[in-house]
Each structure stands twice: as structure tokens, then as C-alpha cells.
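# Commentary on secondary and tertiary structure
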Amino acid sequence: MAENTKEEWVLSQLSEYVRAISALPDCRTVSKKMYCNLVRRVKLLSPLFEELKDGRAEEELGDDVVRGLDSLRIALDSALQLLKSVHEGSKIFQALQIDKIAGKFERVTQQIEAALSQIPYNELDIPDEVREQIELLHAQFKRATGRMESPDLQLAMDLAAAQMEDDPNPIVFKRLSEKLHLRTINDIKKESLAIHDMVISCGGVPEGVSEEYFETMSYLLRKLKDCVMMDNPDVDATEVDKSLIKHRSPIIPDDFRCPISLELMKDPVIVSTGQTYERSCIQKWLDAGHKTCPKTQQTLLHTALTPNYVLKSLIALWCESNGVELPKKQGNCRNKRSGISGSDCDRAAIDALLQKLANGNPEQQRAAAGELRLLAKRNADNRVSLLNLSINEANKGTIVNAGAIPDIVDVLKNGSTEARENAAATLFSLSVVDENKVAIGAAGAIPPLIDLLCQGTPRGKKDAATAIFNLSIYQGNKVRAVRAGIVPPLMRLLKDPGGGMVDEALAILAILASHQEGKVAIGQAEPIPTLVEVIRTGSPRNRENAAAILWSLCTGSAQYIKIARELGAEEALKELSENGTDRAKRKAGSVLELLHRVEEEVIS
């Protein structure tokens, strides 16, 4: 490229970049401040380029000037790409990656400042006022480098709270909806498309991001959609209706269609060549003896099928956003054997005991529960009995439909020690079915289970703890347990390693801490010293649960963060984030992030 031609091209490109950046719409993401600052500063470069273009007829630019301007062209290209990605990208992804986004703005700012430093302004034939403006602008870019934006502490805490295992306070999602500018159904649809485009353009999840991270994004989008629908039911329902009328038959994205059937995939799987197919279609292809990939015709290195969870989540999001019924997986086609392979004698005894438990008087029910437990221990086939109902679904229905839950709870309250233990184990087995959790809690089982947890034999305490843990998966039972005073006895068990109940106490506390009432009750018990000690010295599972409880307490509470820091939690959490279980690493990392953010907030 001739020098004159290059000079002309560089100036033309610079003017075009400034015009493109100036024309970008307002930013409605958590990166708004960084976005607006960069756009505002770049706009101020326009007079320089216009003056240089106008003055070219009189005097050519020197080589040093052209080199500096070319560096600036490259920097503005980077700026435009970053700004477009922020404007068009997923708002949820940006919120979760705000530190990395801030780092990208920092690097672009440094790039522009370095390019401006290369331009010898004294060689430019431009008006003094333009020169002064550019020198002031250069000083602004220089001051901006190395000065990261202050973190939004409330946003960080809300994102942490929103990712807890169970439903956090709805106000968290209300704040996130406002902060992320996801306030209407149309906003939610655009966000769903942005996530889809991001994953498709990357051929999966973006580099350095795990599938689990993507699942978090999908979960947050679903919860924010629920929040929007609850907050504006009339307005949003109208928007949905209009959308459905306008797009009654939405076009299925090609990426969501199976290459074999061309239908929307319900169970996408990946073959060894990296191509994705509907499981049933590719399985038929393989069963027919084919050894190649249908789409690429490459030979398959193996016939293993790997679930494509990312694409499956995307399809679910697309279906929700477009009013399309989610594809249903085919039921299991395997033949079911009727009957039990256990001995006829045991089978007859089990049937009789089940009848007694369902229809007998309290004394017969107590005896039946104990006998069933003995039969269950005899061999694997007998585990169809009441105390191992999680293995056989049919018996759960028999017992519950017979209205036996209130009677079992009565045994739990008034029976002998052994009968109470049997009843606790029975309730645990029944509670495997979600709707039974509700019925058992409503029947008043939790207070006597807590009593057994406090006063039972070692076996009785274990039975009570497992039942309470399983029941507390249901939110209403968390509240019942907290209001029945479960936290103090759990803390006593936690502080007594010799009692053999530390594992159970931590597991229950971890699940209770995900509810606001549980979090408050645990906080009142002053648990942080004990939790920090467990994180330092406990077993892998206990360290994991202790970190989860500490995360729940510290989320949204500067007071608990301060206490944790004063007790030296940071060092223990760093060690856990490196050597713990996967979940422990995540929880420890989340708490450390909260500690660091609060520290930065205090400093700034």
C-alpha cells in the first residue's frame, strides 16, 4: 500500500470507527458505566480526525504520525468489538463475569492510551483548541488506566444468594431484575436469544467456562422470568399473547434439529466426531450396524453417546420463550417383572404386616413396623418392606393411600424407644416421594423427630437426623423445623465430636441455611467460630457443608463477613478452595470473593 494511500485509509478507518462507536445505543447492562465512559471519550477524538483529513491536501502526515494513528486504529477496532459484545451479549453472563469484563475495558483503555502516546502532536498542523482537547483526552485515558471501577457489592451479594441450592428471598430476584434491566417478557426473550447466540457462536460454552456455569445462567434466567411474570402479570401476559399471535409457529433453529430426523431434539447426545443427534435416532443408526457419523461420514472411534447438557438447556429455554411445549422423552420400554423374587413365606408375612400397618390398631401398627424392619434386614428381596420403601415405589403408595402417616407419627410421639426409631426410619423411606414430604410435615412429624434427635439412642438419633434432612428438602418443612427449635440441638451436636452426630448436624444446618428463617436462627446461635474450625480440621464432606453454611450467612451480611475475617477464615478457605471437594471449592471461592469485595469496598 502506497504511503499516501495508507495515510488516507487509516484516517478513513479512524473516522468510521468513531462514527460506529458514537452510533451505538445506550447500554442496559451492569457494564453501563464502563461502556458509557469509553464511548464518551472516543467521541472526543472525532475533531482530531476531521482536522487531519481536511489538512491532508496541504501537507502530508509524517511516518511517525501515521504509525501512531495506525496503532490507534487497531485500538479503536478492539474498543468497537468490546462495546458491541457488551451491548449485544447476555446480561446475566456479564453480571457473573463482571470482573473479567472490567479487565477487558481496562486493556482497551491501556491500548488507546498507548496509541495516543505514540502520536507526536507537535508535528500536527491542527488548531490549538483541538490540540488541547486531545491532550486533555489523553490525560483522561492515562488516569483511567489502572483504576478499576468500584465493585457493586449489592449485585455481588444478590448473585451469590440467587445461586443457593434452594429458593432465596424473592426480593433478591426483584433487585437483579432491575439491575440487569430484565424487566419484561421481551427483555427475557432477548436474553434467552443472547445466551443461545453466545453458545452457538462458541460451539458450546465459552472458553474457560464450565457447563455447570451455564446451568447457573439458565437457572437465573428461569427465576428472573418467574419474577417478571409475578411482578407484571397483566402487562406481560399481554406481551406473551401478542407474541404467540405473531409467531404462532416459530422457526426451530437448525442447531436444535437432529441431522437425521430434522425434528426438535429432546435428548441430544454427542458422538465421537463431535456431532450432536437425537439419542433415539443415532441409536437406531448404530443398531443397524453403521460405524460412521451420519453427517460427516467419518468413522466413529467408539459408539459411546455423551449427553449434550448445554444444548438441552438451550432447547428448553427456547421452548419456554416461544411458547413451545417441551419435547418429552420416551418412557422406559423395558418389560417390568411382576411379583417379587423373595420367598413365598416372607412375601406372605410382608403382605400381612403391610395390612396391619395400614388398618390395624396402634399396638398392631407398632408391632408391624418392628417386624418389617427385621424382615428388611434378612435379605435384599425383603427390602420391599416399609423401612426400605425407597427401593420399591409400589409400597409407598399402599402405605400413604391407606392413610397411615398420622398413625406412624403417633407411634413416633408415643411409642417405645424402639418403635419410635422404627417410625422415624419409616417416615424417612416414605419421604423419598416429594408429595409425601408435605403430608408428613403437615401431620406434625418434625417436633417428635427433633425430640428423638435430642434424647434417642445413637441409632434413634441417626434415624431422626436422616428423616429430618430428607423432609427439610421441602421449604415448608424447613420453616417447621426452625420454628420447632431445631437449631440449638443441632449446634450442641456439632460442638460434640464425641457424640458421632457432627456429619448429620452439619448436613441439616446446610440445608436449613438456604432458607431465610433458618439463616437467621443459625446466625443467632453464633456458629461462625465452630464453622471456621470445621473448615480447618473437618472431614471433606463436613468442610464442604461448613463452607456452604458460612456462605449462606455471609451473603448479604457485612457483620458475619467481618467476624469470619477476624477468626482467620480467609486462610482456611483458601486452603479449602484448592484442596476441597468440587462443591467445597465453589463455596469457599464464593465466600472468599465476598471477603475480598467487602475489603475493597472499605478501602475505596
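Above this text you will find the structure in question.
Residues numbered from 1 in each chain as written. Predicted model: local features only at pLDDT ≥ 70, side-chain atom pairs only at ≥ 80, totals over all residues. Heavy atoms only, no water.

## Let's talk about the overall build of the protein
Condition: Helix and strand assignments come from DSSP, with helices taken as H or I runs of at least 4 residues and strands as E runs of at least 2, each series counted from the N terminus. Classification of residues uses two cut-offs on accessible area relative to the type maximum, computed with a 1.4 Å probe and protein chains only: under 20% is buried, over 50% is exposed, and between them is partly exposed. Contacts between residues were defined by any pair of non-hydrogen atoms, one from each residue, lying within 4.5 Å.
Helix and strand content of the protein: 31 helices and 3 strands. Relative to its full complement of 604 residues, the protein shows a buried share of 47%. Counting contacts in the protein only where the partners sit at least 6 residues apart, residues at least 24 apart contribute 70% of the total.

## Section: unusual backbone geometry
Of note, His-181 is a non-glycine position whose phi angle comes to about 60°, a positive value. By relative accessible area, which is 14% here, His-181 ends up buried. Notably, Gln-297 is not glycine yet its phi reads approximately 65°, a positive angle.

## Quick look at the side chain of His-138
Mapped onto the elements, His-138 comes out in helix α7 (residues 128–144). Overall, His-138 belongs to the buried group, its relative accessible area being 13%. Each residue touching His-138, except ones within four places of it in the same chain, is listed here: Glu-113, Leu-116, Ser-117 and Tyr-121.

## Digging into the sheet that holds strand β3 (residues 306–307)
Using the following cut-off: Should DSSP find at least two bridges between two strands, the strands are regarded as paired.
Spatially, the 3 strands line up as an open sheet ordered β2-β1-β3, and their pairing is antiparallel. The open sheet terminates on both sides in strands that have one partner only, identified here as β2 (276–278) and β3. Inspection of the sheet shows strand β1 (residues 268–270) paired to β3 by 2 bridges, in the antiparallel sense. What sits directly across from Ile-270, in β3, is Thr-306.

## Section: helix α14 (residues 309–321)
Spelled out, the test is: Multiplying one less than the number of residues by 1.5 Å gives the expected span of a helix.
The end-to-end C-alpha distance of α14, which contains 13 residues, comes to 18 Å, matching closely the 18 Å that a straight helix rising 1.5 Å per residue would cover. Phi for Gly-323, located one or two positions after α14, is positive at around 65°.

Keep in mind that these numbers describe shape and distance, not what the molecule does.
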